[in-house]
Amino acid sequence: MLFLYRLLLSLALPVLLIRLGLRVLRGAEPAAALTERLGGGAPSAPGAIWLHAASNGELVSAQPLIAALFAARPGLRLLVSTNTVTARAMALGWGDDRIAVRAAPLDSRWALSRFLARHRPAALIVVENELWPNRLLGCAARGLPVFAIGARMSARSARRWRRTGLGPRLMRAITALSAQDPASEAEFRALGLPARATLPVVNLKTAVRLPEPDVSLGWPRETTLLAASTHAGEEEIVLDAFARARAASPALRLILAPRHPRRGPEVARLIAARGLAFATRSTGEPAAAPVLLADTMGEMANWYAAAGICFIGGTLVEKGGHTPFEPAAADCALLHGPSVFNHAEAFAALDAAQGAIRVHDAESLAAGFTISPATQADLARAARRALAALAAEGAPARLAQALLARIDAQKRR
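Residues numbered from 1 in each chain as written. Predicted model: local features only at pLDDT ≥ 70, side-chain atom pairs only at ≥ 80, totals over all residues. Heavy atoms only, no water.

Moving on to the environment of Ile49. Checked against the element boundaries, Ile49 lands in strand 1 (residues 49–53). For Ile49, a relative accessible area of 3% puts it in the buried group. Counting along the chain gives 73 residues from Ile49 to Ala122, while the straight-line C-alpha distance between them is 5.4 Å. Leave out the neighbours within four places in its chain, and Ile49 touches Leu76, Arg77, Leu78, Leu79, Ala123, Ile125, Leu404 and Ile407. (Helix = DSSP H or I, 4+ residues; strand = E, 2+ residues; numbered from the N terminus. Buried < 20%, exposed > 50% of the residue type's maximum accessible area, 1.4 Å probe, protein only. Contact = heavy atoms within 4.5 Å.)

Written as structure tokens, this is what we have:
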């Protein structure tokens, strides 16, 4: 299966390169990012730890670990790579000269070889479920320690890895793994991860601290609704539910934040088709209409702070749900659908503590949108208590120490 994966990737590579080139021509991606995806770009300081995070969410969840690594080793250097241009821009925006930022190389052996020869990292840390075969196997073959932190594995994904036969091989390439929850750890162990390669279960999202909001819409929080990180198939339900709720409570306002801002025009058409007036955030329109289409990146903390009620996207379609930790930290009342496998432990804790309302269609979502301010406050308090019980105090620091110890041990061999 590894041979087949590499063959298919080689066949698809020309198409990928054409698509990336077109993105550069359209201005959707800087030329520098394309060069980096091919393993090029300016070299970073050799001996840095290579930390890979797919997108904004994974990068944000890695920040507590990054801070803990620097606290443990003040002279440490990091090489951060991301799959998306927006996450690359976020990391560059940190302005930290200890961190080199690059677009992640494609998972082809020649791009990876160029990348490793150019940067010469001391180890690889991948965040959550970024288990790319050539990347992990290539680093392990070169003697680099390979770590997975906050790693997620659903039963469905584990079945796919077993069917392909790649799962057990990748488990042998991993030096150590810290799962996001006990169920994920069990799936990794069943795939062949040795007991000696397991680190304590740590959900880094519990340690994330939201930045202070820097935008105020001037909307009353108790009548402001947020649909956060929605996907295709969810916006229709959200908008129908909002229309129903607003017919009963005309003061309601909605912030609709699609997971992928590039879908903004598509979502705008859905809003217009329902006769709802809306403003588009990316064009700088004032938020004077009942709906704000939040088609930008890096502003979710503003929307959490603005909304008393938050519907968590990816839960009404089979995406597994996005993080409940951040809206709970902002004291939002949480609503979610049935698809929650990405954060199964957290959502189970929320439901058991009556810290969230489970919805399944426009009608039940509309009912959730019209709960009273007192109920909103009760839900928010229950959510914070439920999720606080999952947090491990000092976990990022302990994880950083464990990773550094294994890297040091590898160097001594």
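The discussion continues.
Right, let's get into the pairing of strand 12 (residues 333–336). Taking every second residue as pointing to the same face, both faces of strand 12 are buried, with Ala333 and Leu335 on one and Leu334 and His336 on the other. Two strands pair when backbone bridges link them, and strand 11 (residues 309–312) and strand 12 are joined in this way by three bridges, in the parallel orientation. Along strand 12, the bridge assignment pairs Cys310 with Leu334. Sheet topology note: the strand 12/strand 13 (residues 356–358) ladder contains three bridges and is parallel. (Pairing = 2+ DSSP bridges.)

The first and last C-alpha atoms of helix 16 (residues 373–388) sit 23 Å apart over 16 residues, in line with the 22 Å expected at 1.5 Å per residue. Those residues of helix 16 that sit buried are Gln376, Leu379, Ala380, Ala382, Ala383, Ala386 and Leu387. Buried residues in helix 16 make contact with strand 11, helix 13 (325–329), strand 12, helix 14 (344–352) and strand 13. (Expected span 1.5 Å × (residues − 1).)

Viewed as axis vectors pointing N to C, helix 3 (residues 56–72) and helix 4 (residues 85–93) meet at an angle of 30 degrees, and their least axial separation amounts to 9 Å. Overall, the two elements helix 3 and helix 4 adopt an arrangement that is roughly parallel. Packed against helix 3, whose contacting residues are Asn56, Leu59 and Val60, the element helix 4 presents Thr86, Ala87, Met90 and Ala91 at the interface. For the contact of helix 3 with helix 4, the class distribution of residues is five nonpolar, two polar and no charged. (Axes fitted to C-alpha atoms, helices over the stretch in contact; angles between N-to-C directions. Parallel < 35°, antiparallel > 145°, perpendicular 65-115°, else oblique. Nonpolar A, V, L, I, M, F, W, Y, C, P; charged D, E, K, R; others polar.)

This brings us to the packing of aromatic side chains. Here a ring pair, both rings aromatic, is described through the centre-centre distance and the interplanar angle of the planes. In this structure the tally under the stated criterion is one aromatic pair. Ring plane angle 40 degrees and centroid distance 4.5 Å describe the contact between Trp50 and Phe115, whose orientation is recorded as tilted. Highlighted residues: Trp50 in strand 1 and Phe115 in helix 5 (residues 109–119), separated in sequence by 65 residues. Across the pair, exposure class does not vary: Trp50 and Phe115 are buried alike. A cation over an aromatic ring shows up here: Arg98 above the ring of Phe70, its NZ or CZ 3.8 Å from the ring centre. (Phe/Tyr/Trp six-rings, centres within 6.5 Å; stacked < 30°, edge-to-face > 60°. Lys NZ or Arg CZ within 6 Å of the ring centre and 35° of its normal.)

Taken together, the side chains of Arg159, Arg160, Arg162 and Arg163 define a basic patch exposed on the protein surface. Its location among the elements puts Arg163 in helix 7 (residues 155–164). (Patch = residues over 30% accessible without salt bridge, like charges linked within 9 Å, V, L, I, M, F, W, Y side chains within 5 Å. Areas by Shrake-Rupley, 256 points an atom, 1.4 Å probe, with all protein chains shown as cover. Salt bridge = Lys/Arg side-chain N within 4 Å of Asp/Glu carboxyl O. Lys, Arg positive; Asp, Glu negative; His and termini not counted. Charge placed at Lys NZ, Arg CZ, Asp CG, Glu CD.)

Moving on: the pattern of salt bridges. Opposite charge on two side chains permits them to pair, given that their charged atoms come into close proximity. Taken as a whole, this structure holds 14 salt bridges when the rule is applied. With its nearest N and O atoms 2.6 Å apart, the salt bridge here joins Glu29 to Arg37. Residue Glu29 is classed as buried on the basis of its relative accessible area, which comes to 3%. The partner of Arg263 in a salt bridge is Glu235, with the nearest N and O atoms 2.8 Å apart. On the criterion of sequence distance, the pair formed by Arg263 in the loop between strand 8 (253–258) and helix 11 (264–273) and Glu235 in helix 10 (residues 235–248) is long-range, its members being 28 residues apart. Both residues of the pair, Arg263 and Glu235, belong to the buried class. Residues participating in the shared-partner salt-bridge network are Arg23, Glu29 and Arg37.

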